[in-house]
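Structural characterization, general
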Amino acid sequence: MLQTGRLPVQTKGNQLLDYTRTAETFDWRSVESAFSWSVTGRVNTAYEAIDRHVDEGRGEQIALQYSDPSRNEQLTFAEMKANSNRFANVLRKYNVKKGDRVFIFMPRVPEFYTSFFGVIKVGAIVGPLFEAFMEEAVKDRIADSEASVLVTTPDLLPRVPRQELHSLKHVIIVGNDVDHGNDNIISYYKEMKEASTDGEPEWVDREDPMIIHYTSGSTGKPKGVVHAHNAMIQHYQTGKWVLDLQPEDIYWCTADPGWVTGTSYGIFAPWLNGVTNVIRGGRFSPGDWYQTLEKNKVTVWYSAPTALRMLMAAGDELIRNYDLSSIRHILSVGEPLNPEVIRWGMKVYGKRIHDTWWMTETGAILIANYPQMEIKPGSMGKPFPGIRAAIIDDEGNELPPNQMGNLAIQTPWPSLMREIWKNPQKYQEYFRLKGWYISGDSAYMDEEGYFWFQGRLDDVINTSGERVGPFEVESKLVEHPAVAEAGVIGKPDPVRGQIIKAFVSLRDGYQPSDELKEEIRQFVKNGLAAHAAPREIEFKDKLPKTRSGKIMRRVLKAWELGLPTGDLSTLED
Ligand code: WTA
């Protein structure tokens with residue numbers, strides 16, 4: 001069976017999609033009747049994901065199953081509705097209005113989700129921040145978006161340079177010892193206790209902005225990708241047809257809500273579909289992860305290749321200690337999923353792992369291996385019904401099967417980003433080839449319409465599924481007193497997909513040493529984020545630059561991989 005390179009249909013859900021037929025006939029408009037705008041013309045995603053289940057008699061069902069050794073907690077849809085109403089009223093009290101940006105910088109605790117929906121309920125734009133961000137990363141994002149409110153915890157507060165963030169009017173602290181001496185500081189628990197659970201969400205237009213995620217490109221600081229409430233159409237429908245979510249499911253998405261997978265599929269898709277959503281924060285640990293699957297009887301599990309490879313490395317013995325028989329459907333996203341991992345998954349979980357492809361900018365899954373589709377291990381699958389994907393050349397012409405080129409999507413689709421915050425030019429760049437959305441990934445399509453990922457066409461680094469912009473890391477590196485110049489690339493790595501490697505030239509008076517490498521590494525880690533710190537640093541007397549002074553990452557990559565450096569005619573000397 002495996003020799004043929006195909007894995008047959010295996011999972012059977014109730015919502016089975018006849019892929020071929022549906023792909024021909026599906027129309028997004030058929031999904032719209034599921035939402036309140038079809039009646040009222042107005043909508044709010046928080047209502048559709050939470051309150052609607054209460055109105056439809058599912059209020060007592062467990063919505064949030066918090067799975068943390070130190071705090072076991074469950075919240076029903078009714079409780080989530082009441083809590084998020086409370087938080088919306090707190091925000092109203094402090095004058096937060098539709099369109100304002102409210103950031104949440106917190107670990108994955110239940111208060112995160114309460115705050116998140118409270119922000120959406122007042123019509124504001126929610127900005128989740130990855131809990132591992134350090135000062136500079138936090139500052140860049142809050143400053144660019146001009147957020148007026150931040151929700152955070154006492155231990156993360158020191159990483160927020162408030163004196164430099166002039167837009168910030170209020171900081172809401174989720175913690176017990178809150179200093180009220182400062183009138184910008186608000187105690188979450190105190191306010192929540194006093195706030196009413198009444199109130200209607202702000203009914204907004206489906207095109208109104210709802211969430212902003214910062215993501216990295218090859219140049220410049222991270223950019224704010226803005227999604228509208230309208231994205232819910234696609235979160236909901238991909239939740240049904242790709243995640244195969246059904247009412248009795250217990251679902252676990254391992255991604256942090258600081259990244260898009262952690263919101264589109266860690267929050268919206270499961271709750272729009274009314275399933276029980278397992279939330280577990282903390283660091284990766286094989287034993288804890290298996291325990292989470294076993295204890296919560298998870299049925300649908302959405303994770304990522306690096307984590308799966310790490311589980312594979314932890315050994316098959318470990319798995320025998322856990323009863324994982326509840327699992328019906330496993331999915332993966334974020335980086336190439338190796339065929340070995342799929343084969344291993346068949347062996348140890350008895351399930352195929354279903355790859356899915358999409359990006360922060362696309363808002364939701366666009367290409368996938370559907371539950372009832374044959375899988376070709378190594379392929380990302382086929383486009384979602386209603387989505388047309390193609391491989392195009394650099395002029396925007398479609399290429400025939402089996403030719404590598406730009407992976408592009410015909411516009412629009414419901415969850416496509418609506419804006420890059422305050423940067424219309426960056427936004428337009430995505431659509432520069434005859435109106436196609438250009439992903440920046442290279443891929444090919446085979447004769448049967450399966451898409452095969454080949455790599456990134458720009459310098460964006462994907463390390464453990466986390467997207468890192470080389471510019472952000474380089475900018476931090478050159479702030480170190482010893483560093484004259486720095487160029488950063490992704491170096492292939494068997495577990496993490498890529499690791500960050502920095503080439504550094506030193507200022508006069510500094511000598512290369514292992515201690516200095518470690519010091520520079522820590523400098524990036526403490527300033528930006530642990531995942532953005534180079535795992536490898538190599539000192540060079542000089543870095544290859546163009547005559548205009550731009551470091552040529554292409555040449556650094558060629559050095560690293562021992563490849564020819566190509567055309568160097570623009571090199572400085
Ligand atoms: C990569 C994550 C190979 C790709 C949802 C894309 C993948 C970038 C896959 C987006 C996959 C995502 N196979 N590569 N199945 N899925 N990628 O914005 O390079 O954090 O452009 O969104 O991850 O990363 P982002």
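Just so we're clear, the structure is a prediction, and the values are computed from it rather than from any experiment. (Residues numbered from 1 in each chain as written. Predicted model: local features only at pLDDT ≥ 70, side-chain atom pairs only at ≥ 80, totals over all residues. Heavy atoms only, no water.)

1. Some words on the sheet that holds strand β26 (residues 536-539)
Spatially, three strands are ordered β24-β25-β26 in an open sheet, and the strand pairing comes out mixed. A single partner strand is all that each edge strand has here, and the edge strands are β24 (483-493) and β26. Along the sheet, successive strands turn relative to each other by an average axial angle of 25°, direction set aside. Two elements, strand β25 (residues 497-506) and β26, share four bridges in a ladder whose sense is parallel. (Pairing = 2+ DSSP bridges. Helix = DSSP H or I, 4+ residues; strand = E, 2+ residues; numbered from the N terminus. Axes fitted to C-alpha atoms, helices over the stretch in contact; angles between N-to-C directions.)

2. Some remarks on the nonpolar core
Among the nonpolar cores identified, the biggest contains 96 residues, and Phe116, Trp271 and Tyr302 are the most heavily contacted of them. The element that contributes the greatest number of residues to this core is helix α10 (residues 260-272), accounting for seven residues. Ranked by size, the runner-up nonpolar core spans 46 residues in total, among them Leu168, Tyr214, Ile461 and Leu528. (Core = buried A, V, L, I, M, F, W, Y, C linked by side-chain atoms within 4.5 Å. Buried < 20%, exposed > 50% of the residue type's maximum accessible area, 1.4 Å probe, protein only.)

3. Comments concerning the layout of surface pockets
By volume, the second largest pocket amounts to about 440 Å³. Looking at the second largest pocket, it is lined by 20 residues, and the ones nearest its centre are Glu429, Arg432, Gly440, Arg456 and Asp458. Looking at the lining of the second largest pocket, the elements with two or more residues in it are α15 (424-429) and β20 (437-445). The element that contributes the greatest number of residues to the lining of the second largest pocket is β20, accounting for three residues. Considered class by class, the residues forming the lining of the second largest pocket number five nonpolar, six polar and nine charged. (1 Å grid on protein atoms, 1.4 Å probe; cavity = no way out; pocket = protein on both sides within 12 Å on 5 of 7 lines; lining within 4 Å. Points joined across faces, edges and corners; volume = space filled by probe spheres on them. Nonpolar A, V, L, I, M, F, W, Y, C, P; charged D, E, K, R; others polar.)

4. Section: the site of the ligand
Near the ligand there are 18 residues, and of these Asp355, Thr356, Thr360, Asp441 and Arg467 occur at the shortest range. Between the ligand and Gly334, the relevant distance is 3.2 Å, taken from a nitrogen atom to a main-chain nitrogen or oxygen of the residue. With respect to the ligand, the backbone of Thr356 contributes an N or O atom lying 2.7 Å from a nitrogen atom. Out of a free accessible area of 530 Å², the ligand has 96% covered by protein chains. Every element with two or more residues in the shell around the ligand is listed here: α10, β14 (353-357) and β21 (451-456). The leading source of residues in the shell around the ligand is β14, at three residues. A class-by-class count of the residues in the shell around the ligand yields eight nonpolar, five polar and five charged. (Near = heavy atom within 4 Å. Polar contact = N/O pair within 3.5 Å; in protein donor to acceptor, adjacent residues only side chain to side chain. Areas by Shrake-Rupley, 256 points an atom, 1.4 Å probe, with all protein chains shown as cover.)

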